[in-house]
Amino acid sequence: MSANLFSLDGKTAVITGASGFLGRTFVRALLTNGARIVALGRSARLQREAKEWEREFGDDKVAYFQIDMYDIEAFSRVLDEIAHSEKTIDVLINNAHELGPGTGFNVPEGSLDNATMDTWMRNLTGGVYWAALTTQKIGMRMKQQHSGSVINISTMYALVAPRPQLYAGTEFINPPGYSASKAALLSFTRYVASFWGPHGIRANALLPGPFSNTEDDSGANTVDQNSPFLERLRACTCLGRIGKPHELVGALLFLASDASSYMTGQALVVDGGWTAV
Ligand SMILES: NC(=O)c1ccc[n+]([C@@H]2O[C@H](COP(=O)([O-])OP(=O)(O)OC[C@H]3O[C@@H](n4cnc5c(N)ncnc54)[C@H](OP(=O)(O)O)[C@@H]3O)[C@@H](O)[C@H]2O)c1
């Protein structure tokens, strides 16, 4: 029995959406536990974060690619480059998703009544096709190695529908294409587990509950902490509060490391008890 069951020493992890709200906490957790990371992101924030990671953990521990993943050709080229240049790839974390007006969040064309094909296609592309492509390209390396852990970041809304009462009277809209694409991602996870288990590859989904980003970089609140929406979110959990990104780290490291070596095709839900009652 290893004392360092969760260690990622000597392992390489590829992660999309690396500089986002949850992604940057995931990256720090991977680096802190010994992994080298290959980080993908779209905005300039990736470069700023990557410089910090390099300073703290060493240049050799970080590689990064700034890429708009909707540009499928460019995205494919980056994935080929990563697959050919890294000595091993042990962990793949599919974390990126566009959570804005383009996918129908908080805009009229995101509602069930008005959803457009464009919002649906963006959700399905980001929710499931990006993971399908990374799995093909990076998974090839894992197959050659006969080992690897794929972690797909889904949501509790792959299991339960958003409740309309949460959004009534607020400006918030959670589009149907989001839940559907993340449920498809969970289904895809099981498919990969089924077909590539014999190749030594595990695939699991991590399903976060409410982890709303309500602070700016200085820690100041960007959303009124007493807003009815946040109050309603808290009330839907058993723990009576919204999660903090670091509260996903235990589950992520578990899935990434040998601690979960006999676990595949599963959904690990971290939601403060939302889906339990
Ligand atoms: N926060 C929650 O409460 C919650 C709950 C359940 C599930 N999740 C899931 O957790 C994951 C991370 O969410 P988050 O809360 O951290 O959101 P976020 O801060 O918006 O992060 C999303 C990431 O995806 C990247 N991304 C979006 N569009 C992209 C594109 N076209 N090309 C490349 N990268 C792109 C973003 O990069 P840029 O910022 O550089 O554009 C960002 O780094 C998502 O899959 C989300 O569905 C979140």
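This report concerns the structure included in the present document.

Reading the values: rules and limits
- Residues numbered from 1 in each chain as written.
- Predicted model: local features only at pLDDT ≥ 70, side-chain atom pairs only at ≥ 80, totals over all residues.
- Heavy atoms only, no water.
- Helix = DSSP H or I, 4+ residues; strand = E, 2+ residues; numbered from the N terminus.
- Rg over C-alpha atoms; globule rule 2.2 N^0.38 Å.
- Buried < 20%, exposed > 50% of the residue type's maximum accessible area, 1.4 Å probe, protein only.
- Contact = heavy atoms within 4.5 Å.
- Areas by Shrake-Rupley, 256 points an atom, 1.4 Å probe, with all protein chains shown as cover.
- Lys, Arg positive; Asp, Glu negative; His and termini not counted.
- Charge placed at Lys NZ, Arg CZ, Asp CG, Glu CD.
- Pairing = 2+ DSSP bridges.
- Right-handed = clockwise from strand over helix to strand, strands pointing away.
- Near = heavy atom within 4 Å.
- Polar contact = N/O pair within 3.5 Å; in protein donor to acceptor, adjacent residues only side chain to side chain.
- Nonpolar A, V, L, I, M, F, W, Y, C, P; charged D, E, K, R; others polar.

Let's talk about the overall build of the protein chain
Then step 1. Across its full length, the protein chain holds eight helices and seven strands.
Then step 2. Relative to its length of 277 residues, the protein chain is compact, with a C-alpha radius of gyration of 18 Å against a globular reference of 19 Å.
Then step 3. The buried share of the protein chain, reckoned over its 277 residues, is 52%.
Then step 4. Sequence separation of at least 24 residues holds for 77% of the intrachain contacts in the protein chain that already meet a minimum separation of 6.
Then step 5. A total accessible area of about 12800 Å² is found for the protein chain, and carbon and sulfur atoms account for 54% of it.
Then step 6. Across the protein chain, the 24 positively charged side chains and the 27 negatively charged ones have centroids separated by 4 Å.

Structural notes on the pairing of strand 3 (residues 62-66)
Then step 1. In this sheet, strand 3 lies alongside strand 2 (residues 36-41) in parallel orientation, the contact comprising five bridges. Within strand 3, the position partnered with I37 by the bridge is V62.
Then step 2. You can see the chain leave strand 2, run along helix 2 (residues 45-57) and come back into strand 3, and the turn it takes is right-handed.

Quick notes on unusual backbone geometry
Then step 1. The backbone of N106 sits at a positive phi, close to 65 degrees, despite the residue not being glycine.
Then step 2. Looking at the secondary structure, you find N106 in the loop between strand 4 (91-94) and helix 4 (117-145).
Then step 3. On the accessibility criterion, N106 (39% relative accessible area) is partly exposed.
Then step 4. At H146, a residue that is not glycine, the phi angle is positive and equals roughly 65 degrees.

With respect to the site of the ligand
Then step 1. Residues in contact with the ligand amount to 25 residues; listed here are only the nearest, L22, S43, N95, Y178 and K182.
Then step 2. Here an oxygen atom of the ligand sits 2.8 Å away from a polar atom, N or O, in the main chain of N95.
Then step 3. Here an oxygen atom of the ligand sits 2.6 Å away from a polar atom, N or O, in the side chain of Y178.
Then step 4. Grouping the constituent residues of the shell around the ligand by class yields 12 nonpolar, nine polar and four charged.

Interpretation in functional terms is not warranted from these geometric data alone.
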